[in-house]
Amino acid sequence: MPDAAGFLYIDRSQFKEVFAADVQARVLSVMAASQKPIHSQTFGQIYETPAWKSIPSWYLRATDDQAINPELQRMFAERMGATTREVKSSHVPFASNPSTVVSIITEAAEATRARATAAEA
């Protein structure tokens, strides 16, 4: 929902449904109250060459996401050539499924360790 200055935020009364349906009530309350609005112009910003074009990428697709359509996430991941994992989660798997997030980060770190070591040499 945009405000008068063009900043976007999620109405607190809709936060659970839109953003964090699978998060505990206390965490949900804190997340809704502490969200930081993002300027709507961000979505029209043109960026330089994205990093995923030249480095390996991983993507955790949240299958119950109501903020970014899961099929759109699938398209993003495929376009990136990302190693993709799926989790039954809302938009915030780091809050509702932290062990899954840790797992994919660990997988990415281990898979790219040799590349990082070679670059240091």
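You'll find the structure just up there.
The structure reproduced in this document is the subject of the present report. All values derive from a computational prediction rather than experimental measurement.

1. A word on helix α3 (residues 70-80)
Considered for burial, the residues of α3 that qualify are P70, Q73, A77 and M80. What you see down the axis of α3 is that its buried residues fit within an arc of 80 degrees, all on one side. Facing away from the buried side of α3 by more than 90 degrees, the exposed set consists of E78 and R79. Looking at the buried positions of α3, the neighbouring elements they touch are β3 (58-62) and β4 (83-87). The N-terminus of α3 is capped by N69, whose side-chain oxygen sits 2.6 Å from the backbone nitrogen of E71. In the stretch just after α3, G81 is the one whose phi turns positive, near 70 degrees.

2. Some details on the side chain of S96
Tracing the sequence through the fold places S96 in helix α4 (residues 93-96). One polar contact links S96 to D22, side chain to side chain, over a distance of 3.0 Å. Polar contacts involving the side chain of S96 include one to the side chain of N97, which spans 3.0 Å.

3. Concerning the pairing of β3
Where burial is concerned, most of β3 is hidden: five out of the five residues are buried. Both faces of β3 are covered, namely the face carrying W58, L60 and A62 and the face carrying Y59 and R61. Alignment of β3 against β4, held across five bridges, turns out to be parallel. Directly across from W58, in β4, lies its bridge partner T83. In this fold, the crossover linking β3 to β4 by way of α3 has right-handed handedness.

4. Brief notes about the nonpolar core
The biggest cluster of nonpolar side chains holds nine residues, and these are I10, F15, F19, A20, V23, L28, M31, A32 and V92. With three residues, the top contributor of residues to this core is helix α2 (residues 25-34). Discounting residues that sit within four places of it in the chain, A20 has contacts with F15, L28, S90 and V92. Judged by nonpolar contacts, the second largest core, of six residues, contains W58, L60, V87 and I104.

Criteria and thresholds
- Residues numbered from 1 in each chain as written.
- Predicted model: local features only at pLDDT ≥ 70, side-chain atom pairs only at ≥ 80, totals over all residues.
- Heavy atoms only, no water.
- Buried < 20%, exposed > 50% of the residue type's maximum accessible area, 1.4 Å probe, protein only.
- Helix = DSSP H or I, 4+ residues; strand = E, 2+ residues; numbered from the N terminus.
- Arc of directions from axis to C-beta.
- Contact = heavy atoms within 4.5 Å.
- Polar contact = N/O pair within 3.5 Å; in protein donor to acceptor, adjacent residues only side chain to side chain.
- Pairing = 2+ DSSP bridges.
- Right-handed = clockwise from strand over helix to strand, strands pointing away.
- Core = buried A, V, L, I, M, F, W, Y, C linked by side-chain atoms within 4.5 Å.

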